[in-house]
Amino acid sequence: MDVRIHPSWKQVLSEEFQQPYFTQLIQFVKKEYQSATCYPKGADIFAAFDHSPFDKTKVVIIGQDPYHGPGQAHGLCFSVKDGTAHPPSLVNIFKEVSQDLGKPYPESGNLEHWADQGVFLLNATLTVRASQAGSHQNKGWEVFTDAVIQQLSQDKEGLVFLLWGGFAKKKAALIDQSKHHILTSGHPSPLSANRGLWFGNKHFSKTNEILARNGQKPIDW
């Protein structure tokens, strides 16, 4: 199957695109987009891959589902387009960046500038029906994104995986911890953050320390 995705990922994932489950998944997604309002727009489904090519990826952040409100999801987990109100989890992410690094709270919730530096912002499920959280779960996306994580683990070294919340932490089983670095904490959602499980994790400074130790350029968060 021909998938419009960055050439570096196309090469790495070529066998995955030929799997029967992936063909069925794409057929499901096409029907959904034809019959209902879905997010993100079709051209943005693989945006995380396009902004962070396989060979340039240094950090991996794993989300669960795209935002399901209008004008929010654009293919990068936790990110929203310029001019869109910041969802609660993103607010808490930015608050932690500010506390951790002493940076001012940003005006835009668009995280493309992270992705363009090699921060791979991967949702486990890449599409969703409008106003229906989780509506495209268990249709094949998770099989695909698990394979993506395994490929990163297998073919690269020294990646920093940021696993926030119970769902993301389960992905640690897919990662070779002898080759990569895993930082875990509670989820940035208010439910978790207000219970003291998010703030103070210092994941952004810790990530940069790891990258610097490995001779890589730190991320400008």
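That block above? That's the structure.
What comes next concerns the included structure. (Residues numbered from 1 in each chain as written. Predicted model: local features only at pLDDT ≥ 70, side-chain atom pairs only at ≥ 80, totals over all residues. Heavy atoms only, no water.)

It is worth spelling out the packing of aromatic side chains at this point. Across all of its chains, the model carries 20 aromatic pairs by this definition. Seen in terms of ring centroids, tryptophan 9 and phenylalanine 49 are 5.0 Å apart; in terms of plane orientation they differ by 80°. Their pairing is edge-to-face. You can see tryptophan 9 sitting in helix 1 (residues 7-12) and its partner phenylalanine 49 sitting in helix 4 (residues 47-51), a full 40 residues away along the chain. Neither residue differs from the other here; tryptophan 9 and phenylalanine 49 are each classed as buried. A ring pair is formed by phenylalanine 46 and tryptophan 141, whose centres lie 6.0 Å apart and whose planes are at 70°; its orientation type is edge-to-face. Here tryptophan 141 lies in helix 7 (residues 141-155) and phenylalanine 46 lies in the loop between strand 1 (38-39) and helix 4, a separation of 95 residues in the sequence. Accessibility expressed as a relative area gives 1% for tryptophan 141, which makes it buried. A cation over an aromatic ring shows up here: lysine 156 above the ring of phenylalanine 54, its NZ or CZ 5.3 Å from the ring centre. (Phe/Tyr/Trp six-rings, centres within 6.5 Å; stacked < 30°, edge-to-face > 60°. Helix = DSSP H or I, 4+ residues; strand = E, 2+ residues; numbered from the N terminus. Buried < 20%, exposed > 50% of the residue type's maximum accessible area, 1.4 Å probe, protein only. Lys NZ or Arg CZ within 6 Å of the ring centre and 35° of its normal.)

This part takes up the sheet that holds strand 2 (residues 59-63). An order of 3-2-5-6 is seen for the four strands of this open sheet, with the pairing classed as parallel. Each having just a single partner strand, strand 3 (119-123) and strand 6 (181-185) make up the two edges of the open sheet. Sheet twist, expressed as the average angle between the axes of neighbouring strands with direction ignored, equals 20°. Where strand 2 lies against strand 5 (residues 160-164), three bridges are found, and the strand directions are parallel. Across the sheet, the residue bridging to isoleucine 61 is leucine 162, located in strand 5. (Pairing = 2+ DSSP bridges. Axes fitted to C-alpha atoms, helices over the stretch in contact; angles between N-to-C directions.)

Here we take up the packing of helix 3 (residues 20-35) against helix 7. Interaxial distance between helix 3 and helix 7 falls to 9 Å at its minimum, and their mutual angle equals 125°. Judged on the interaxial angle alone, helix 7 and helix 3 are oblique. Our pair here, helix 3 against helix 7, has a crossing hand that is left-handed. For the pair helix 3 and helix 7, the contacting residues are Tyr21, Phe22, Leu25, Ile26 and Val29 in the first and Trp141, Val143 and Phe144 in the second. When its residues are assigned to classes, the contact of helix 3 with helix 7 shows eight nonpolar, no polar and no charged. (Parallel < 35°, antiparallel > 145°, perpendicular 65-115°, else oblique. Left-handed = near helix turned anticlockwise from the far one by under 90°. Contact = heavy atoms within 4.5 Å. Nonpolar A, V, L, I, M, F, W, Y, C, P; charged D, E, K, R; others polar.)

To continue, consider the packing of helix 5 (residues 88-101) against helix 10 (residues 203-213). At a minimum axis distance of 8 Å, the contact between helix 5 and helix 10 shows a crossing angle of 60°. With respect to helix 10, the element helix 5 is oriented oblique. Contact residues: helix 5 offers Ile93, Glu96, Val97, Asp100 and Leu101, while helix 10 offers His203, Phe204 and Ser205. A breakdown of the residues in the contact of helix 5 with helix 10 according to their chemical character gives four nonpolar, two polar and two charged.

Another aspect to go through is the nonpolar core. Among the nonpolar cores identified, the biggest contains 64 residues, and Phe46, Phe49, Ile61, Trp114, Phe144 and Trp221 are the most heavily contacted of them. Those residues in contact with tryptophan 114 that lie beyond four places of it in its chain are Ile61, Ile93, Phe94, Val97, Val119, Leu121, Phe204, Asp220 and Trp221. (Core = buried A, V, L, I, M, F, W, Y, C linked by side-chain atoms within 4.5 Å.)

Here we take up helix 3. The end-to-end C-alpha separation of helix 3 is 23 Å, in line with the 22 Å expected for 16 residues at 1.5 Å each. Buried residues of helix 3: Tyr21, Phe22, Leu25, Ile26, Val29 and Glu32, and no others. Taken end-on, helix 3 shows its buried residues confined to a sector of 135°, consistent with a single buried face. Within helix 3, the exposed residues directed more than 90 degrees away from the buried face are Pro20, Gln24, Lys30, Lys31, Gln34 and Ser35. Elements that come into contact with the buried residues of helix 3 comprise helix 2 (14-17), strand 1, strand 4 (128-129) and helix 7. (Expected span 1.5 Å × (residues − 1). Arc of directions from axis to C-beta.)

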